Amino acid sequence: MPLLAASRIGARHDAQDWVFPPLDLVVEPGQNTLILGPSGSGKTTLLNLLAGLALPAQGEVRFRDQSLAALDESARDRLRGRHMGFVLQRLHLIASLNVVDNILLAQRLAGSAPDPARARALLARLGLGVHAERMPAQLSQGEAQRVALARALVHRPSLILADEPTSALDDANCAAVISLLLEQAAAEGATLVAATHDARIKAHFSQVLSLPGRA
Amino acid sequence: MSLLHDAATGWLLATASLRARLAATLLTVALLAVGVALIIALLLVSRQLEAKSERDNAGIDLVVGAKGSPLQLILSSVYHVDIPTGNIPQADATRVAALPMVRRAVPLALGDSYRRFRIVGTDTGFDALYGLRVAAGTRAQRPMEAMLGAEVARTTGMAPGARFAGNHGLSDSAAGHTEESFIVTGVFAPTGSVADRLIVTPLDSVWHLHPSKVPPAGREPHAHGDANHDDADQDAAQRKITALLIQYASPLAAARLPREINAGSALQAASPAAEMTRLFGFLGIGIDTLRALAALIVVLASLGVFSALSAAMAERRGDLQLLRVLGAPRGVVCVSVLAQGAVIGLAGVILGLLSGHLAVEALGAGLARPQGIGLGGWTWAADEAWVVLVALAMALGASLMPAWRAYRTNLSAGLAEL
Ligand SMILES: Nc1ncnc2c1ncn2[C@@H]1O[C@H](COP(=O)(O)OP(=O)(O)O)[C@@H](O)[C@H]1O
Ligand SMILES: [Mg+2]
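**Student:** Could you give an account of the overall build of chain A, naming the residues involved and the relevant values?
**Tutor:** If you tally the helices and strands in chain A, you get six helices and nine strands. Taken over the C-alpha trace, chain A has a radius of gyration of 17 Å; the compact-globule value for 215 residues is 17 Å, and the two agree within 12%. Across its three principal axes, chain A shows a C-alpha extent of roughly 50 × 40 × 30 Å. In chain A, buried positions account for 55% of the 215 residues. Relative to all contacts within chain A whose residues are 6 or more apart in sequence, the contacts with residues 24 or more apart total 73%. Surface summary for chain A: the accessible area is close to 8800 Å², and the carbon and sulfur share equals 50%.

In structure tokens form, the structure reads like this:
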């Protein structure tokens, strides 16, 4: 059973044109996938559909053979909280929660009991052990992103969705972050689906879906 | 179970958000507390003043005295706070007391004081009126014997056997009767009424001290060498008293007795209940103004809750959206905002309740002696429950709109803005 299966999906914003031509995508467990395309090609839109944050205007998305459109909104919320982790481009953390509480939040939203020991172990693994009690404002952008990675892993999701995880980074950091993402996802048994316009990281993925962008 | 779990998550987010904006949170709580405290204090003070005036009323239906301001007559002869309107012939008083509509009539002769405690010439009917019992010594019977109210005894330290000389008038500075002194024969048990702060002596004492047979009431400041003092030879027919306290034999008397007395030329009859209603009417305007001010403060505090939460919402729009992306159901996001309003509301109300009561207690302690009105902070007024409920409802109400906006946090943008 594929982890994720999208068939003939299409999206429209405000009754405009289709953002991308109807597309199919199958992600098997462990099959790390890169969605590659220029800015405005619809990568974020596609990730929204895969996460159940929006429903496609045509076609269907199935997560572990469960149609997302068949679930109501709160069931999709639960499914996202339980089975998916997110690493985003800019806004990584909840400003009013400290580092550990940000991580534990993912466990709470997954419906499980917070496990501070696991959160701290993950932080230590990402080289952030000393930052556990800090507030997000006291972290650098890169540190905040790694905390977000810990949060994306802590509840043992099967799918990690990453939107432009490396676009703000120089080559050295870009390589470091992408290997960290892949390595940690593998260590926790999660599959990574990342969207980027950054062709530098193409080689790390077993599957690449290219979005053409508009003419 | 999942509901409980969601509520716990919402609560966590709410307290974290309040902590992150601690200064604004505390300011809003303080504002609400001030408003609630003011309302509570006003409530307690006016309730206790009313209860106090009822106790001092001692079931007096009517006061008969010299013509003048009826309020002044009541204040001077029932509450012992103002100068009497004048004196009336004892013969007239006796005639009124004998009417069938009158169950009990207690004469008062006022005008002298000792260390600002008023000396009241009266008969033993006064004891029955105020429920006075002798706590120490024996009841004064003869002229120049005196009974002390409980608070007089406590303040002056006098006990049965002590001697003191009264002053003319109601202040310390007036000339004294240095040639004549009272002897204390007993002390009354405390009643919680104005009688605790009075010195009670037989009517004859006053006439004994004032050979004119006219109590000094109504002509303060009184000086010796007054023309009346020279004709020492007036007889009992010319004796005067200051006022007569009356209890009706039947409620029907209320309709006729005051009118009959006021129709006559020399006397005035005034009802304590009516005059107090009038007085509290005046005071009420002031109290209402303060109350409106306090209500305004509570409204402002609610607006403060609203704007604090709205500002926090604007600041946290990204946070709320991130929460939704991470799988927080709408309910959790909504609860996290509502809980903030609830926390601010509860904290403000509890703080306001405490400080309101504390303020009244402090006020009572400050005003205690010797003309104390016996204010205390540690009693409850029934209306406080309403104040608490309304203030809480307003704080919660103010967070409804922000909470609704949080509930509506749009997911269609999804990851786009994050
Ligand atoms: N909420 C939205 N409302 C209207 N148009 C949108 C919205 N989000 C994205 N778009 C449009 O859809 C297209 C794809 O956007 P997006 O998925 O963000 O692309 P990418 O992530 O590849 O840069 C763009 O033309 C963008 O302007
Ligand atoms: Mg994008």
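**Student:** Break down a nonpolar patch on the surface for me, citing the residues and quoting the values.
**Tutor:** Residue and element names in this part refer to chain B. Together, Leu31, Leu290, Leu293, Leu296, Val299, Leu300 and Leu303 make up a nonpolar patch on the protein surface, roughly 590 Å² of accessible area in all. Here the nonpolar patch gets six residues from one element, more than from any other, and that element is helix α10 (residues 272-315). Residue classification places Leu290 among the partly exposed residues on the basis of a relative accessible area of 40%.

**Student:** Outline the packing of helix α3 (residues 99-109) of chain A against helix α4 (residues 116-125) of chain A, listing residues and values.
**Tutor:** Residue and element names in this part refer to chain A. At a closest axis distance of 10 Å, the pairing of α3 and α4 adopts a crossing angle of 120°. Classified by the angle between their axes, α3 and α4 sit oblique to one another. The chirality of how α3 crosses α4 is right-handed. Contacts from Val99, Val100, Ile103, Leu104 and Gln107 of α3 reach α4 at Pro116, Arg118, Ala119, Arg120 and Leu123. Partitioning the contact of α3 with α4 into residue classes produces seven nonpolar, one polar and two charged.

**Student:** Describe in detail the interface of chain B and chain A, supporting the description with residues and values.
**Tutor:** How big an interface is tends to be reported as the loss of accessible area on association of its parts. Between chain B and chain A, the residue contacts involve 28 residues of the former and 27 residues of the latter. In this structure, the salt-bridge partner of A:Arg78 is B:Asp6, at a minimum N-O distance of 2.8 Å. Of all elements in the fold, only α1 (2-20) and α11 (317-325) of chain B reach the threshold of two or more residues within the side of chain B that touches chain A. By residue number, the principal contributor to the side of chain B that touches chain A is α1(B), which donates nine residues.

**Student:** Mind laying out unusual backbone geometry, listing which residues take part and the relevant values?
**Tutor:** Residue and element names in this part refer to chain B. Unlike most non-glycine residues, Arg116 shows phi in positive territory, near 70°. Mapped onto the elements of the fold, Arg116 is located in the loop between β3 (102-114) and β4 (117-122). Look at Arg116 and you get partly exposed, because its relative accessible area is 43%. A positive phi angle, near 70°, is found at Met144, a position not held by glycine. Secondary-structure assignment places Met144 in the loop between β5 (134-137) and β6 (145-148). Residue classification places Met144 among the buried residues on the basis of a relative accessible area of 8%.

**Student:** How would you summarise the site of ligand 1 if you had to cite specific residues and measurements?
**Tutor:** All names here are of chain A. Lining the immediate surroundings of ligand 1 are twelve residues, of which Gly40, Gly42, Lys43, Thr44 and Thr45 lie closest. In this structure, Gly42 approaches ligand 1 through a main-chain N or O atom, which is 3.0 Å from an oxygen atom. Between Lys43 and ligand 1, the recorded distance is 2.8 Å, taken from a side-chain N or O atom to an oxygen atom. Look at ligand 1: alone it shows 550 Å² of surface, and the protein chains cover 68% of it. Tallied by class, residues from the shell around ligand 1 come to two nonpolar, seven polar and three charged.

**Student:** So, the pattern of salt bridges: which residues are in play, and what are the values?
**Tutor:** Evaluated as defined, the whole model comprises 20 salt bridges over all chains. A salt bridge links A:Glu133 to A:Arg120, with the nearest nitrogen and oxygen atoms 2.8 Å apart. Of this pair, A:Glu133 sits in the loop between α4 and α5 (141-153) while A:Arg120 sits in helix α4, and the two are 13 residues apart along the sequence. Relative accessible area serves as the criterion here: at 37%, A:Arg120 is assigned to the partly exposed category. Notably, a salt bridge pairs B:Glu145 with B:Arg142, separated by 3.0 Å at the nearest N-O pair. The class of B:Arg142 is exposed, set by a relative accessible area of 55%.

**Student:** Explain the packing of α5(A) against helix α6 (residues 171-187) of chain A to me, and be specific about the residues and the numbers.
**Tutor:** Residue and element names in this part refer to chain A. Packing of α5 against α6 leaves a shortest axis separation of 11 Å and a crossing angle of 15°. Looking at the two axes, α5 sits roughly parallel to α6. For the element pair α5 and α6, the recorded crossing hand is right-handed. Across from Gln145, Arg146, Leu149 and Leu153 in α5, the residues of α6 making contact are Val177, Leu180, Leu181, Gln184 and Ala185. Classifying every residue of the contact of α5 with α6 by side-chain character gives six nonpolar, two polar and one charged.

**Student:** Any chance you could break down helix α4 (residues 90-97) of chain B for me, citing the residues and the numbers?
**Tutor:** Taken residue by residue, α4(B) has B:Asp92, B:Ala93 and B:Val96 as its buried positions. Taken around the axis of α4(B), the buried residues stretch over an arc of 100°, which confines them to a single face.

**Student:** Please provide a residue-by-residue account of the nonpolar core, values included.
**Tutor:** Ranked by size, the top nonpolar core spans 57 residues in total, and within it A:Ile35, A:Leu50 and B:Leu323 carry the most contacts. Once residues lying within four places of it in the same chain are set aside, the contact partners of A:Ile35 are A:Lys43, A:Leu46, A:Leu47, A:Leu50, A:Val193, A:Ala194, A:Ala195, A:Thr196, A:Leu209 and A:Leu211.

**Student:** Now, about the sheet that holds strand β7 (residues 159-163) of chain A: what can you tell me, with residues and values included?
**Tutor:** Residues and elements named next belong to chain A. Strand order in the open sheet formed by five strands is β6-β7-β8-β3-β9, and the pairing between neighbours is parallel. At either end of the open sheet lies a strand with only one pairing partner, and these are β6 (84-87) and β9 (207-210). Across this sheet, the average inter-strand angle for adjacent strands is 15°, counted without regard to direction. Alignment of strand β3 (residues 33-36) against strand β8 (residues 191-196), held across four bridges, turns out to be parallel. Across the sheet, Ile35 pairs through a bridge with Ala195, a residue of β8. Each of β6 and β7 touches helix α2 (residues 73-83); the most contacted strand, β6, lies at about 75° to it.

**Student:** Summarise the sheet that holds strand β1 (residues 4-10) of chain A; cite the residues concerned and give the values.
**Tutor:** Residues and elements named next belong to chain A. Pairing is antiparallel across the open sheet formed by four strands, whose spatial order is β2-β1-β4-β5. With one partner strand each, in any of the chains shown, β2 (23-27) and β5 (66-67) form the two edges of the open sheet. Bridging between strand β4 (residues 58-63) and β5 involves two bridges; their strand directions are antiparallel. Directly across from Arg62, in β5, lies its bridge partner Ser67.

Criteria and thresholds
- Residues numbered from 1 in each chain as written.
- Chains lettered and ligands numbered in written order.
- Predicted model: local features only at pLDDT ≥ 70, side-chain atom pairs only at ≥ 80, totals over all residues.
- Heavy atoms only, no water.
- Helix = DSSP H or I, 4+ residues; strand = E, 2+ residues; numbered from the N terminus.
- Rg over C-alpha atoms; globule rule 2.2 N^0.38 Å.
- Buried < 20%, exposed > 50% of the residue type's maximum accessible area, 1.4 Å probe, protein only.
- Contact = heavy atoms within 4.5 Å.
- Areas by Shrake-Rupley, 256 points an atom, 1.4 Å probe, with all protein chains shown as cover.
- Patch = residues over 30% accessible without salt bridge, like charges linked within 9 Å, V, L, I, M, F, W, Y side chains within 5 Å.
- Salt bridge = Lys/Arg side-chain N within 4 Å of Asp/Glu carboxyl O.
- Axes fitted to C-alpha atoms, helices over the stretch in contact; angles between N-to-C directions.
- Parallel < 35°, antiparallel > 145°, perpendicular 65-115°, else oblique.
- Left-handed = near helix turned anticlockwise from the far one by under 90°.
- Nonpolar A, V, L, I, M, F, W, Y, C, P; charged D, E, K, R; others polar.
- Near = heavy atom within 4 Å.
- Polar contact = N/O pair within 3.5 Å; in protein donor to acceptor, adjacent residues only side chain to side chain.
- Arc of directions from axis to C-beta.
- Core = buried A, V, L, I, M, F, W, Y, C linked by side-chain atoms within 4.5 Å.
- Pairing = 2+ DSSP bridges.

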